[in-house]
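Coordinate analysis (summary)
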Amino acid sequence: MKLGNKELKLPVIQGGMGVGVSLSGLAGAVAAEGGMGVISSANIGFDEPDFEQSPHEANIRALKKHIIRAKEIAGGKGLIGVNIMTAVSGYEEAVKASIEAGADAIISGAGLPLKLGEYVGKAEILFAPIVSSAKAAKLLCRSYKRHGGRLPDFFVMEGCEAGGHLGFSVDELENNTAESNEQLVAEVCAELKPYEEELGREIPVFAAGGVFTAEDCRRMLKAGAKGVQIGTRFIATKECDAAQGFKDVIINAKKEDIVIIKSPVGMPARAIMTPLLERLKNGEDFSAKRCNRCLTACQGPGKAVYCISRALIAAVRGNIDEGLFFSGENAWRVDHMTTVGELMDEFRVCFE
């Protein structure tokens, strides 16, 4: 598949998962199989020695380091992308650092990345917004044309079964009233057609959220998607950067453990019910005494019920008692460890 001036041999994107779940190890392994491995920039410097004192500097340093390492692991195959949430502070700096370090693509969601086209400019890097509606895709294309003149190289259409922060209302998520992935993919593809005609090229749509099997992938392709983005299934791989404790939480999760929560960011999110969420549900206060202002929408120390950054860092280290474990709706179907190669082979057949 042609994406801008780059080639993606296998149209499978590994979803960016933070904090620290998808770093250079996982992203590099996915790219080595011909797909797009994606590093999450969210507090990526959490393991740097100066993270507590200088989080911004630690994050930028670690981001560049992981991009370079992932490309080395990939060995010239596939593509290396970076997922940068619009909700993070230092958004523009993360975009620039990704370009400087040689990333192949930037994927951006958790809000509308209205300035992404402007920040990318004429750099030789692909960029893609994550949207959950045709309306959002149209708004972004109009905004990019008006302010930057450059349209996205592809879109990720994320449905309601995805993990982490979600672009749907709590009512839609809890009452299953959101549109299906197939409907949303078809609507986004239709919305992009005029822009494709203007450009003289495709703007491929990758379907995300709930893509668990090759059959799911085929359904998305039939609806008009050119590829898929998969997140949760990559957690239970040997190459995933998270601790084994995190992987075990995914493997041991039951269907009733998958819940919708309200994130301190102000958005609904999907996670696995673990002791931290149980205690929060019972009214315990975990408001942070310190805050590194990693999220622009966070209410800050003493106001947010808990620090999402610290909870996600605890999770990636395998701390089941204090961690927040984001996952897709189908996490309960993951029941064993595998490898990136085996997982990619499952989906490779859809594109042969």
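Below or above, wherever it landed, is the structure these notes cover. Given the structure is predicted, the values throughout are model-derived calculations rather than measurements.

Take the packing of aromatic side chains next. Under the counting rule described, the total for this entry stands at four aromatic pairs. Between Phe-127 and Tyr-144 the ring centres are 5.5 Å apart and the planes differ by 80 degrees, which places this aromatic pair in the edge-to-face class. Of the two residues, Phe-127 sits in strand S7 (residues 126-131) while Tyr-144 sits in helix H5 (residues 134-147), which places them 17 residues apart along the sequence. Note on Tyr-144: relative accessible area 1%, which makes it buried. Ring geometry for Phe-246 versus Phe-325: centroids 4.9 Å apart, planes at 55 degrees, classification tilted. Separated by 79 residues along the polypeptide, Phe-246 in helix H9 (residues 244-252) and Phe-325 in strand S14 (residues 325-326) bring together distant segments of the chain. Taken as a pair, Phe-246 and Phe-325 share a single burial class, namely buried. The ring of Phe-212 has Arg-233 sitting right over it, with the charged end atom 4.7 Å from the ring centre.

Our next topic: the nonpolar core. Among the nonpolar cores identified, the biggest contains 110 residues, and Phe-155, Phe-234, Ile-261 and Leu-324 are the most heavily contacted of them. Here this core takes seven residues from helix H2 (residues 55-74), the largest share from any one element. Discounting chain neighbours no more than four positions away, the residues touching Ile-261 are Met-267, Pro-268, Ala-269, Ala-271, Leu-277, Tyr-306, Leu-324 and Phe-326. Leu-8, Val-38, Ala-105 and Ile-130 belong to the second largest nonpolar core, which has 15 residues in total.

Summarising the element assignment, Ile-125 is placed in the loop between helix H4 (116-120) and S7. By relative accessible area, which is 2% here, Ile-125 ends up buried. It is 5.3 Å that separates the C-alpha atoms of Ile-125 and Asp-104, two residues lying 21 residues apart in sequence. Residues contacting Ile-125, with those up to four places away along its chain left out, are Ile-99, Ala-103, Asp-104, Ala-105, Ile-106, Val-120, Arg-150 and Asp-153.

Regarding helix H3 (residues 91-101), the residues found buried are Tyr-91, Ala-94, Val-95, Ala-97, Ser-98 and Ala-101. The buried residues of H3 occupy one face: seen down the axis, they fall within an arc of 165 degrees. Taken together, the buried residues of H3 touch H2, strand S5 (79-83), strand S6 (105-108) and H4. Immediately downstream of H3, the backbone of Gly-102 shows phi near 95 degrees, a positive value.

Within the secondary structure, Asp-153 sits in the loop between H5 and strand S8 (155-158). Separated by 52 residues in sequence, Asp-153 and Val-205 place their C-alpha atoms 9.5 Å apart. Residues contacting Asp-153, with those up to four places away along its chain left out, are Leu-3, Gly-4, Ile-125, Leu-126, Phe-127, Arg-201, Glu-202, Ile-203 and Pro-204. At 3.0 Å, the side chain of Asp-153 forms a polar contact with the backbone nitrogen of Phe-127. Reaching out from Asp-153, the side chain makes a polar contact with the side chain of Arg-150 at a distance of 3.2 Å.

Here S6 shows two buried faces, one formed by Ala-105 and Ile-107 and the other by Ile-106 and Ser-108. Pairing of S5 with S6 involves three bridges; the strand directions are parallel. Each residue of the ladder has a partner; that of Asn-83, found in S6, is Ile-107. Tracing the backbone out of S5, into H3 and back to the parallel element S6 gives a crossover that is right-handed. The pairing of S6 with S7 spans four bridges and is classified as parallel. Each residue of the ladder has a partner; that of Ile-106, found in S7, is Phe-127.

Let us look at the environment of Ala-207. Turning to its location among the elements, Ala-207 is positioned in strand S10 (residues 205-208). Put simply, Ala-207 and Ser-132 are 75 residues apart on the chain and 10.0 Å apart in space, counted from C-alpha to C-alpha. With residues near it in sequence (within four places) discarded, Ala-207 still touches Met-157, Val-185, Met-220, Ala-225, Gly-227, Val-228 and Gln-229.

Direction vectors running N to C along H2 and H3 enclose 30 degrees, while the axes themselves pass 9 Å from each other. Viewed along their axes, H2 and H3 adopt a mutual orientation that is roughly parallel. Here the hand of the crossing between H2 and H3 comes out right-handed. Contacts from His-56, Ile-60, Leu-63, Lys-64, Ile-67 and Ile-68 of H2 reach H3 at Glu-93, Ala-94, Ala-97, Ser-98, Glu-100 and Ala-101.

Rules of the game
- Residues numbered from 1 in each chain as written.
- Predicted model: local features only at pLDDT ≥ 70, side-chain atom pairs only at ≥ 80, totals over all residues.
- Heavy atoms only, no water.
- Phe/Tyr/Trp six-rings, centres within 6.5 Å; stacked < 30°, edge-to-face > 60°.
- Helix = DSSP H or I, 4+ residues; strand = E, 2+ residues; numbered from the N terminus.
- Buried < 20%, exposed > 50% of the residue type's maximum accessible area, 1.4 Å probe, protein only.
- Lys NZ or Arg CZ within 6 Å of the ring centre and 35° of its normal.
- Core = buried A, V, L, I, M, F, W, Y, C linked by side-chain atoms within 4.5 Å.
- Contact = heavy atoms within 4.5 Å.
- Arc of directions from axis to C-beta.
- Polar contact = N/O pair within 3.5 Å; in protein donor to acceptor, adjacent residues only side chain to side chain.
- Pairing = 2+ DSSP bridges.
- Right-handed = clockwise from strand over helix to strand, strands pointing away.
- Axes fitted to C-alpha atoms, helices over the stretch in contact; angles between N-to-C directions.
- Parallel < 35°, antiparallel > 145°, perpendicular 65-115°, else oblique.
- Left-handed = near helix turned anticlockwise from the far one by under 90°.

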